[in-house]
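# Topology and contacts: notes
Listed below, chain by chain, are the residues.
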Amino acid sequence: MIKTVIKRDGTKQEFSPEKINGWGIWAAKNLGNSIDWSDVVLKAVQSCDEETTTGALQLALIRSCLVHPSWAYNRMAGRLYSALQRKKCYGKTIPTIKEIHQRMLSAGIISNTFASAYSDDEYAELEKEIDHTRDLTYAYYQHTQFQSKYAIRDRVNNIDYETPQFVHMRVAMRLAQNLPNRIEVAKKFYNYFSTSKINIPTPYYTNSGTDKNGFLSCCLYTTNDTAPSLATGDHIAYMMTVNSSGIGANIRTRAIGSPVRGGIIEHQGKFPYYKSLGGAINANRQNGRGGAATATFSVYDPQVLDIQKLKNPRMPDAKRNRDLDYAMAFNRFFAKKAAKGEKYCTFDMAKAPEIYESVNASEEEFESLYNKAVEEGRYVSELDAREVLLSSIEEAVSTGRQYLTDLSAMNTHTPFKEPIHNSNLCAEIALPTKGYDSVYQLYQEEESGEVAMCALAGIVVPNITSDEEYADVAYHALLMIDVAIRETEYSLPQIAYTAKKRMSAAVGIVGLAHYMAKNKQSYSTKKGKELMHRLAETHYWHLLNASLRLGKEFGNAEWIDKTKWPDGWLPIDTYYKTVDDVVPPKYEREWEILRQDIIDNGGIRNSVLVAHAPTESSSISSGTTNGLYPIRDIALLKTNETSSTSYVVPDSDKLGVFYDMVYELDSKDVIEMYAIFQKFTDQAISADLYVNVAGTAKLSSSSLLKDQFMMAKLGVKTRYYINSKTGNGIDLGDCESCKL
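Residues numbered from 1 in each chain as written. Predicted model: local features only at pLDDT ≥ 70, side-chain atom pairs only at ≥ 80, totals over all residues. Heavy atoms only, no water.

## Some details on the pairing of strand E19 (residues 505-510)
Formally: For each residue, the accessible area found with a 1.4 Å probe, counting protein chains only, is set against the maximum for its type, and the residue is called buried under 20%, exposed over 50%, and partly exposed in between. Each helix is a run of H or I in the DSSP string that is no shorter than four residues. Each strand is a run of E no shorter than two, and both are numbered from the N terminus. The pairing criterion is simple: DSSP has to find at least two bridges between the two strands.
The element E19 is extensively covered by neighbouring structure, given that six of its six residues are classed as buried. Of the two faces of E19, the one holding Ala505, Val507 and Ile509 and the one holding Ala506, Gly508 and Val510 are both buried throughout. Looking at chain direction, strand E18 (residues 452-460) and E19 are connected through six bridges and run parallel. Bridge pairing in E19 links leucine 456 to alanine 506.

## Points about the pattern of salt bridges
Spelled out, the test is: Take a side-chain nitrogen of Lys or Arg and a carboxyl oxygen of Asp or Glu: if they are within 4 Å of each other, that pair is a salt bridge.
Summed over the entire model, instances satisfying the criterion amount to 40 salt bridges. Between lysine 529 and aspartate 669 there is a salt bridge, with its nearest N and O atoms 2.8 Å apart. Residue lysine 529 is located in helix H23 (residues 526-554), and its partner aspartate 669 is located in helix H28 (residues 667-679); the two are separated by 140 residues in the primary sequence. Comparing lysine 529 with aspartate 669, the two get one shared label, buried. A single network of salt bridges, built from pairs that share partners, joins Glu418, Glu447, Glu450, Arg502 and Lys562.

## A look at the sheet that holds strand E2 (residues 12-14)
Put simply, the rule is: Axes here refer to lines fitted to C-alpha atoms; in helices the fit is confined to the stretch in contact. Angles between the N-to-C directions go from 0 to 180 degrees.
Strand order in the open sheet formed by three strands is E2-E1-E3, with mixed pairing between adjacent strands. Each end of this open sheet is capped by a strand with a single partner; those strands are E2 and strand E3 (51-53). Put simply, the sheet's adjacent strands are angled 30 degrees from each other on average, direction ignored. Across three bridges, strand E1 (residues 4-6) lies against E2 in antiparallel orientation. Counted as the bridge partner of valine 5 is glutamine 13 from E2.

## Observations concerning helix H1 (residues 17-28)
Inclusion rule: By this rule, a helix spans an expected 1.5 Å times one less than how many residues it contains. The arc in question is traced by the directions running from the helix axis to the C-beta atoms. Any two residues having at least one pair of non-hydrogen atoms within 4.5 Å are treated as being in contact.
Given a rise of 1.5 Å per residue, 12 residues ought to cover 16 Å, and the 17 Å separating the end C-alpha atoms of H1 matches this to within 8%. Considered for burial, the residues of H1 that qualify are Ile20, Gly24, Ala27 and Ala28. All buried residues of H1 lie within an arc of 95 degrees about the axis, which places them on one face of the element. Next to the buried residues of H1 lie helix H2 (37-46), helix H3 (54-66) and helix H4 (71-90). Asparagine 30, located one to two residues past H1, shows a positive phi value of around 65 degrees.

## A short note on the side chain of serine 70
As for its position among the elements, serine 70 is in the loop between H3 and H4. Taking the relative accessible area as the measure of exposure, serine 70 reaches 10% and is therefore buried. Residue contacts for serine 70: discarding those within four places in its chain leaves Val648 and Asp653.

## Quick notes on the packing of H1 against H2
The line we're drawing: An angle below 35 degrees is read as roughly parallel, one above 145 as roughly antiparallel, one from 65 to 115 as roughly perpendicular, and any other as oblique. Definitions for this section: a left-handed crossing has its near helix turned counterclockwise from the far helix by less than a right angle. A right-handed crossing has that turn clockwise.
Contact pair H1 / H2: the axes reach a minimum separation of 9 Å and the direction vectors enclose 135 degrees. By the angle between their axes, H1 is oblique relative to H2. For H1 against H2, the interelement crossing comes out right-handed. Taking contact as the criterion, the partners of Ile20, Asn21, Gly24, Ile25 and Ala28 in H1 are, on H2, Trp37, Val41 and Val45.

Okay, here's the thing in structure tokens:
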């Protein structure tokens with residue numbers, strides 16, 4: 001039993017049951033009848049020594065709450081944690097925004113440029129807007145996410161400066177800093193961030209207001225089959241890892257054994273270049289860990305079967321490279337061969353370059369090129385297409401890090417005219433890339449090759465209250481991205497040049513599972529799929545209108561003529577019509593009127609608008625479910641390389657029965673969900689699949705192949721993780737490397 005409590009200033013006083021009961025009553029207020037605050041208090045007191053500190057007592061209360069896998073108890077723990085953090089950071093009185101910024105400036109944590117950008121009157125105006133009581137509405141895991149990942153802090157001396165509302169305001173002020181009407185815009189940003197309507201990628205949190213003005217986290221590149229181009233690829237990977245980007249690499253080079261310089265040298269294939277790429281990304285650290293990259297390889301590469309197994313720990317050292325993730329790129333021609341159980345040919349890029357360069361060709365054009373190369377004897381080997389596909393899927397089940405990219409879907413359902421060769425680290429970005437001839441081109445601001453950069457954001461759909469608000473949130477999400485692309489400090493001038501010409505955005509949906517539960521609908525029912533179709537349409541509609549508005553305000557993307565937007569392209573034109581068998585194409589928006597508005601404006605502000613990222617990390621800070629995925633369980637312990645978090649799905653006390661558990665859903669319903677959103681997505685989706693191998697459940701090759709053929713049939717561009725539920729629990733397969 002506690003007898004003495006030591007206060008923060010070191011003074012001792014007799015333990016008061018009334019005070020701790022008061023804490024329990026306050027922390028449980030308005031959280032529902034499911035909370036027994038007295039039990040929380042009793043167990044906390046029982047766990048403490050006779051002499052304890054107030055901080056230790058508050059932590060005991062928090063631990064007592066977290067014993068219960070409940071949304072209400074997690075929010076109670078959040079209130080207690082918020083009170084504890086405020087006292088730790090500020091004592092009895094919360095400082096003003098300007099006072100916090102001056103403290104951080106004095107500590108050398110934020111830049112003088114940012115701290116001096118706003119006048120005293122502007123600070124005073126924003127002080128009226130900040131609402132610290134919102135911290136008391138956050139779940140415990142939201143607070144710990146902010147404290148461990150997003151708040152700027154002195155990690156060496158363990159000094160905290162910011163609680164969540166100060167973090168949101170800092171980001172809002174930095175993004176609005178150079179905009180017209182910046183105070184009103186900053187208020188909008190702040191309110192949409194702090195009420196979890198706009199989901200923000202990690203770099204915005206960690207870099208806003210500092211000397212490090214880097215906001216973009218997705219980088220894709222392609223090489224040519226020359227030594228200078230391959231070396232340029234390594235330089236891109238190295239420099240962009242320094243800038244906190246995840247890497248999507250497409251290393252294009254000839255086959256192993258191919259002659260170089262007239263046969264003087266025998267080519268070593270891709271493995272040495274993959275090893276070099278791994279060294280480039282691991283030479284630098286990102287938040288205490290190495291960088292991350294996904295290397296895309298073609299199904300037509302003669303080394304396809306060996307590359308598939310590079311991540312496998314059972315392979316010998318000479319045939320293993322675990323520094324990278326891998327994505328096998330295929331097209332519709334290959335998918336048909338696999339579906340029919342037929343053989344197909346692989347090709348050396350040096351002898352049949354057209355096979356690799358025709359990724360955006362029609363099926364008929366590709367087949368003609370393929371047949372000609374085969375007839376001329378320019379192929380290397382003949383493989384069983386179904387066995388190659390199954391081998392890739394089996395590696396995905398085994399290692400989790402073997403992805404698939406459907407280049408036919410990627411180059412058909414897109415506004416781009418130029419070829420798309422690969423996706424990014426997390427398989428949701430689909431942008432054109434072009435190889436460089438030398439490193440020197442990266443330091444020139446002129447058109448040559450192209451590294452693709454994309455800026456991410458998310459709209460937290462269960463928190464949107466009206467169609468009008470959705471439109472305004474979409475506008476401000478794109479405005480945030482606009483600032484990020486224009487004001488990021490790029491380490492390579494060429495990347496700055498292409499990024500600003502393209503203005504590529506990727507605004508996804510966050511919290512779909514919560515949205516479905518709030519609407520009491522299932523991923524598996526007809527009504528549920530119709531609801532998702534309406535949401536997908538609404539999402540794209542508002543973002544497209546927002547980009548049109550931004551185009552009128554700031555001008556269209558300079559390379560908009562490299563897209564189909566000036567011709568009036570819309571996603572309803574090029575999606576795979578097989579999706580109509582899932583949900584009939586009934587639209588609620590006036591698409592033809594919008595098409596004409598886009599034509600009249602000569603295009604829009606952004607080359608692309610939508611991609612659906614995993615948001616495994618940032619959804620925690622928004623207090624919702626991640627991305628488009630159904631939930632794995634009501635309560636989970638989510639872990640990464642540095643911490644673990646007790647996570648509970650939102651509103652589970654009231655809505656728990658309406659949540660779909662992904663391992664209880666048929667994979668058909670999960671794939672059809674992706675297809676519905678892919679219809680209204682101009683880029684791609686980090687589309688996870690889920691397999692249950694717990695107990696007596698067994699995986700069959702036919703079911704795994706069936707799922708992949710279904711994805712190809714419905715036009716889902718990429719397949720990301722294959723997550724598995726085993727007898728030991730659930731393999732979360734989360735993407736800590738992903739910045740959203």
